[in-house]
Amino acid sequence: AQSVTQLDSQVPVFEEAPVELRCNYSSSVSVYLFWYVQYPNQGLQLLLKYLSGSTLVESINGFEAEFNKSQTSFHLRKPSVHISDTAEYFCAVSDRVGGGSEKLVFGKGTKLTVNP
Amino acid sequence: NAGVMQNPRHLVRRRGQEARLRCSPMKGHSHVYWYRQLPEEGLKFMVYLQKENIIDESGMPKERFSAEFPKEGPSILRIQQVVRGDSAAYFCASSPWGLAGETQYFGPGTRLLVL
């Protein structure tokens, strides 16, 4: 069974400050890793994902995440946040083995609030 | 290309009534996933369907909940005899091939309130 832990339920930061949202996972098999973002009263949108290759993945809006296998982590970072980044961020994993269900297992989410 | 559509967006039911939630996947997608988001919780997987088939229902409560994805028309999540604990946001997601690591595209959700 897989599980995802997002250590911070809420992260308040000031605009233009750096931010890191932490994500650790537990799994008995290899996994794929995802970060989704949810704006108020909307569905989830994929921010970035790690499938293979370089352990550092980037999104088009300046976020990046690094897969660390030894620490079973996939922390999300942004060097300078904007007001518009205020949202809830979910880390998720799915089983690499596949062959039946590629369901996502989500963490509880981290609410990022960017203040002026 | 329209995204994943869900309706209704908000649904209010009294205890004991039935709730029907509909999901139309993105065009060309034949794989649908349903997730439930309880207050202050992350999303929990409920069921995975392909056209006319339930592939994985390991997250579905054993009673009162059912899902279908007919050959024609949207996927339906049905909750019979709703209870207050069913109040949640229900999201569906779709993907084109159901492959491991494939991006799932989410709809805006249906927010169910049981009075």
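Further up the page is the structure itself.
Procedures and definitions
- Residues numbered from 1 in each chain as written.
- Chains lettered and ligands numbered in written order.
- Predicted model: local features only at pLDDT ≥ 70, side-chain atom pairs only at ≥ 80, totals over all residues.
- Heavy atoms only, no water.
- Helix = DSSP H or I, 4+ residues; strand = E, 2+ residues; numbered from the N terminus.
- Polar contact = N/O pair within 3.5 Å; in protein donor to acceptor, adjacent residues only side chain to side chain.
- Contact = heavy atoms within 4.5 Å.
- Buried area = accessible area lost by both parts, 1.4 Å probe.
- Salt bridge = Lys/Arg side-chain N within 4 Å of Asp/Glu carboxyl O.
- Core = buried A, V, L, I, M, F, W, Y, C linked by side-chain atoms within 4.5 Å.
- Buried < 20%, exposed > 50% of the residue type's maximum accessible area, 1.4 Å probe, protein only.

Student: Please explain unusual backbone geometry as it appears in this structure.
Tutor: The phi torsion of most residues other than glycine is negative, and most of the peptide bonds are trans. With an omega dihedral of 0°, the bond running from Asn7 of chain B to Pro8 of chain B counts as a cis peptide bond. If you trace the backbone, Pro8 of chain B turns up in the loop between β1 (5-7) and β2 (10-13). At Thr72 of chain A, a position not held by glycine, the phi torsion is positive, near 45°. Within the secondary structure, Thr72 of chain A is located in the loop between β8 (64-68) and β9 (73-78).

Student: How should I be thinking about the side chain of Lys78 of chain A in this particular structure?
Tutor: Examined against the element boundaries, Lys78 of chain A turns out to sit in strand β9. At 2.9 Å, the side chain of Lys78 of chain A and the side chain of Asp85 of chain A are in polar contact.

Student: Looking at this structure, I do not really get the interface of chain A and chain B. What am I missing?
Tutor: Think of interface size as the accessible area that goes away when the parts come together; that is how it is often given. Taken together, the contact between chain A and chain B spans 25 residues of the former and 25 residues of the latter. Buried surface at the junction of chain A and chain B, summed over both partners, amounts to about 1800 Å²; 50% is from carbon and sulfur atoms. Applying the counting criterion to the chain A and chain B interface returns two salt bridges. Glu41 of chain B is the partner of Lys108 of chain A in a salt bridge, and the nearest nitrogen-oxygen pair spans 3.8 Å.

Student: Help me understand the nonpolar core, please; the structure alone is not making it clear to me.
Tutor: Leu33, Trp35, Leu47, Leu48, Phe74, Leu76 and Tyr89 of chain A are the most contacted members of the largest nonpolar core, which has 28 residues in total. Mapped by element, the contributors of at least two residues to this core are β2 (10-14), β3 (19-21), β5 (31-38), β6 (44-50), β8, β9, β10 (87-95) and β12 (110-115) of chain A. Sequence-distant contacts of Phe74 of chain A, that is, excluding residues within four places in its chain, are made with Cys23, Leu33, Phe34, Trp35, Leu48, Lys49, Tyr50, Val57, Ala65, Glu66 and Phe67 of chain A. Core analysis: the second largest hydrophobic core is formed by 23 residues, Val4, Ala19, Cys23 and Val82 of chain B among them.

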